[in-house]
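Overview (structure and organization)
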Amino acid sequence: MTRPLQVTIRINGSDYTREVEPRLLLSDFIRHEAGLTGTHVGCEHGVCGACTIRLDGAPVRSCLVFAVQAQGHDVRTVESLGEPGSLSVLQQAFRDAHGLQCGYCTPGILMTVSAFLEENADPSEEAVRHALSGNLCRCTGYQGIVDAVLLAARRMRGA
Amino acid sequence: MKPAPFDWHAPDSVAEALALKAQHGEAARFLAGGQSLVPAMNFRVSQPAVLVDLNRVGLEAIEAGTDGSLTIGAMARYVAIERHAGAAGSHPILTEALREVAHPQIRNRGTLGGNLSHADPASEMPAVMLALNARLRLRSARGMREVAAADFFVGPLTTALAADEMLEAIHLPALPARTGTAWLEIARRRGDYAMMGVAAVISRDAAGRCIGARIACCSAGPTPMAAPLAAAALVGTMLSDADLDAAAEAVRKEVAPTGSVQASPAYQRHLAGVIAQRALLMARERAA
Ligand SMILES: Cc1cc2nc3c(=O)[nH]c(=O)nc-3n(C[C@H](O)[C@H](O)[C@H](O)COP(=O)(O)OP(=O)(O)OC[C@H]3O[C@@H](n4cnc5c(N)ncnc54)[C@H](O)[C@@H]3O)c2cc1C
Ligand code: FES
Ligand code: FES
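Residues numbered from 1 in each chain as written. Chains lettered and ligands numbered in written order. Predicted model: local features only at pLDDT ≥ 70, side-chain atom pairs only at ≥ 80, totals over all residues. Heavy atoms only, no water.

All names here are of chain B. Counted by the stated rule, this structure contains zero disulfides over all chains. The structure places no disulfide on Cys210, whose sulfur is separated from the nearest cysteine sulfur, that of Cys217, by 16 Å. On the accessibility criterion, Cys210 (1% relative accessible area) is buried. (Disulfide = S-S within 2.5 Å. Buried < 20%, exposed > 50% of the residue type's maximum accessible area, 1.4 Å probe, protein only.)

Moving on, we get to the side chain of Thr237 of chain B. All names here are of chain B. In this structure, Thr237 sits in the loop between α10 (228-234) and α11 (241-254). The buried category is assigned to Thr237, whose relative accessible area is 15%. A distance of 3.1 Å separates the side chain of Thr237 from the backbone nitrogen of Leu239, its partner in a polar contact. Ignoring any residue separated from it by four or fewer positions in sequence, one finds Thr237 in contact with Arg209, Cys210 and Asp243. (Helix = DSSP H or I, 4+ residues; strand = E, 2+ residues; numbered from the N terminus. Polar contact = N/O pair within 3.5 Å; in protein donor to acceptor, adjacent residues only side chain to side chain. Contact = heavy atoms within 4.5 Å.)

What surrounds ligand 1 is a group of 34 residues, the closest being Arg29, Phe30, Tyr78, Thr111 and Ser123 of chain B. Chains contributing residues to the immediate surroundings of ligand 1 are chains A and B. Arg29 of chain B places a polar side-chain atom, nitrogen or oxygen, 2.7 Å from an oxygen atom of ligand 1. Here Gly114 of chain B contributes a backbone N or O atom positioned 3.5 Å from an oxygen atom of ligand 1. In isolation ligand 1 has 980 Å² of accessible area, and contact with the protein removes 94% of it. Contributing elements (two or more residues each) for the shell around ligand 1: β2 (28-31), α7 (112-118) and β10 (166-172) of chain B. (Near = heavy atom within 4 Å. Areas by Shrake-Rupley, 256 points an atom, 1.4 Å probe, with all protein chains shown as cover.)

This part takes up a nonpolar patch on the surface. Where nonpolar side chains cluster on the molecular surface, the patch consists of Met1, Phe43 and Val45 of chain B and spans about 330 Å² of accessible area. For Met1 of chain B, the position within the fold is in the segment before β1 (7-9). (Patch = residues over 30% accessible without salt bridge, like charges linked within 9 Å, V, L, I, M, F, W, Y side chains within 5 Å. Salt bridge = Lys/Arg side-chain N within 4 Å of Asp/Glu carboxyl O.)

Next up on the list: the pairing of strand β7 (residues 143-148) of chain B. In the case of a regular strand, side chains alternate between the two sheet surfaces. In this structure, strand β6 (residues 135-140) of chain B lies alongside β7 of chain B, joined through six bridges in antiparallel fashion. Across the sheet, residue Ser140 of chain B finds its bridge partner in β7 of chain B, namely Gly143 of chain B. (Pairing = 2+ DSSP bridges.)

Moving on to the pattern of salt bridges. All names here are of chain B. Under the counting rule described, the total for this entry stands at 25 salt bridges over all chains. For Asp164, the salt bridge is made with Arg142, and the minimal N-O distance between the two is 2.7 Å. Here Asp164, found in the loop between β9 (158-159) and β10, pairs with Arg142, found in the loop between β6 and β7; they are 22 residues apart in sequence, far enough to count as distant. Exposure remark for Asp164: the relative accessible area of 16% places this residue in the buried category. Owing to a relative accessible area of 61%, Arg142 belongs among the exposed residues under this scheme.

With that settled, consider the packing of α11 of chain B against helix α12 (residues 265-286) of chain B. Residues and elements named next belong to chain B. Axis separation between α11 and α12 bottoms out at 8 Å; the angle between their running directions is 145°. The way α11 lies across α12 gives a crossing that is right-handed. Across the interface between the two elements, Asp241, Leu244, Asp245, Ala247, Ala248, Val251, Arg252 and Lys253 of α11 pack against Arg269, Ala272, Gly273, Ala276, Gln277, Leu280, Leu281 and Arg284 of α12. Tallied by class, residues from the contact of α11 with α12 come to eight nonpolar, two polar and six charged. (Axes fitted to C-alpha atoms, helices over the stretch in contact; angles between N-to-C directions. Left-handed = near helix turned anticlockwise from the far one by under 90°. Nonpolar A, V, L, I, M, F, W, Y, C, P; charged D, E, K, R; others polar.)

A few words on helix α3 (residues 106-119) of chain A. Residue and element names in this part refer to chain A. With 14 residues, α3 extends 20 Å from end C-alpha to end C-alpha; this agrees with the ideal 20 Å at 1.5 Å per step. The element α3 is largely enclosed, with a buried count of twelve among its 14 residues. Of the residues making up α3, those classed as buried are Thr106, Pro107, Gly108, Ile109, Leu110, Met111, Thr112, Val113, Ser114, Ala115, Phe116 and Leu117. (Expected span 1.5 Å × (residues − 1).)

Another point: the interface of chain B and chain A. Listed as interface residues are 31 residues of chain B and, on the opposing side, 31 residues of chain A. Viewed at the interface, chain A and chain B are joined by four salt bridges. Seen at the junction of chain B and chain A, the total is 16 residue pairs in polar contact (both at pLDDT 80 or more). Put simply, the parts of the chain that give the side of chain B that touches chain A at least two residues each are β1, α2 (37-42), β3 (50-53) and α6 (104-107) of chain B.

Attention shifts here to the nonpolar core. Burial of nonpolar side chains together is a common tendency in soluble globular proteins. Counting residues in hydrophobic clusters, the biggest one holds 39 residues, and the most contacted among them are Leu94, Leu116, Met125 and Met129 of chain B. Sort the elements by how many residues they give to this core and helix α8 (residues 124-131) of chain B lands first, with six residues. Residue contacts for Met129 of chain B: discarding those within four places in its chain leaves Leu94, Leu112, Leu116, Ala134, Ala149, Ile170 and Leu172 of chain B. Core analysis: the next-biggest nonpolar cluster, separate from the first, contains 32 residues, Leu25, Ala67 and Val75 of chain A together with Val38 of chain B among them. (Core = buried A, V, L, I, M, F, W, Y, C linked by side-chain atoms within 4.5 Å.)

Let us look at the pairing of strand β4 (residues 58-61) of chain A. Residues and elements named next belong to chain A. In this sheet, β4 lies alongside strand β3 (residues 52-55) in antiparallel orientation, the contact comprising four bridges. The partner of Thr52 across the bridge, within β4, is Arg61. Between β3 and β4, which pair antiparallel one after the other, the connecting turn spans two residues, and Asp56 there sits at a positive phi close to 50°.

Residue and element names in this part refer to chain B. A complete count under the given rule lists two aromatic pairs over all chains for this structure. Ring centres of Phe152 and Phe153 lie 5.1 Å apart, and the angle between their planes is 85°; on these two criteria the pair is classed as edge-to-face. The class for Phe152 is buried, based on a relative accessible area of 0%. In this arrangement the basic side chain of Lys21 is found over the ring face of Phe30, its NZ or CZ atom lying 5.7 Å from the centre. (Phe/Tyr/Trp six-rings, centres within 6.5 Å; stacked < 30°, edge-to-face > 60°. Lys NZ or Arg CZ within 6 Å of the ring centre and 35° of its normal.)

Turning next to unusual backbone geometry. All names here are of chain A. Residues other than glycine seldom take positive phi values, yet Asn12 does so here, at roughly 50°. Looking at where Asn12 falls in the secondary structure, it is placed in the loop between β1 (5-11) and β2 (14-20). Residue Asn12 is classed as partly exposed on the basis of its relative accessible area, which comes to 26%. Its identity as a non-glycine residue notwithstanding, Tyr142 has a phi of 75°, on the positive side. Checked against the element boundaries, Tyr142 lands in the loop between α4 (125-131) and α5 (143-157). Residue classification places Tyr142 among the partly exposed positions, given a relative accessible area of 23%.

Right, dumping it as structure tokens:
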């Protein structure tokens, strides 16, 4: 007995209008309704960070928000950052500094870090590690990711 | 996993939210930041038939009183409290402890009201509320009442909230002049729940004598655990190193940790003594 509701959700500047059950997670709306499969799903309980998106600018877990709650809010996913051939400075730095191996964690990390670098132009390694604490990576051992974030920060500062 | 089906209501006012909760009773849950409730629903540990979403009712204000008190709306998100200049000035232990609560992505969404209503004994904020002598304002369609933090937490994940009540606001009384506070915890990894955490609040008079102390711990028993005997032992002393050591030893005896996959009760008890001693030292320096 759960009424499907019509929602319009703005993702990366485009509106997606769909009928959905209230229990549909925003992560599943993004992947299955909007077809934006860059956002990954790992644990569905907030721990791994693979599903991190930006909601009104703030990095949040899309697996812990219901799609119906996102109506009227601005959602941005990894697809908003850049594209093959025109990677953002942050994405390019991940490529150059070996900030990924399998890439499963990468979209969530990029969305977390994109917000972090907007507020921290010249972060210490310690601050970067703290910012990454909510994103799990099973491949890299994190060193490449930390290097990539520091490299991106340097490039963004023009240093 | 995916949550079981439910009906979703997103009222625009507290009054409507309370009417819905009164109508549906235990079958309905309030949805605040969703950072504890939605994981439980995804695992189907929790299967509410109705969700009353509080994200449109307001209750987000953080108001600094002219007397140094602070009133925080239940729907204020962690991140807003963490960045609130007034809060950092009047009750710096909030900022200090919030940095240890989960990760930035969780703090962007989680609310103080949701956290306290969830009443996880391993959680930081309930212990901080005990140490700050917080008063919680509960409201239902029947009316309003205020309870002290000490009376709000009644067991693991269990509070004094009635089925039709919401936590509306949290009031933190002003800290007296020459009061120092500190939060310290030990967790396996940054952002994890602490194996032990201690809040210390110490007030001194102009001569340096201790005129008030409050100590509370997380992961130390079925609820956030105050250590009233340890605190009372400090009052009247000059807060020498030996006085602090004795109080820390009393904390070690007063806590009642139950153990977790990460730490045995004996290790948690050991940590309580160690961290209490360090937190008291920090609070003493800050009370100068
Ligand atoms: C990966 C991860 C790590 C975490 N680590 C920590 C940590 O280290 N320390 C820590 O303390 N917490 C941690 N948490 C939990 C986090 O703090 C939660 O956000 C918080 O406990 C719940 O707040 P919320 O606003 O999200 O509430 P919700 O999840 O929306 O609600 C929690 C409960 O309170 C009820 N409720 C909500 N608001 C009200 C109200 N106003 N009145 C009455 N009832 C209400 C709900 O019905 C529900 O039962 C973590 C969570 C995650 C996902
Ligand atoms: S899938 Fe959302 S945090 Fe793991
Ligand atoms: S690159 Fe494989 S999980 Fe991070």
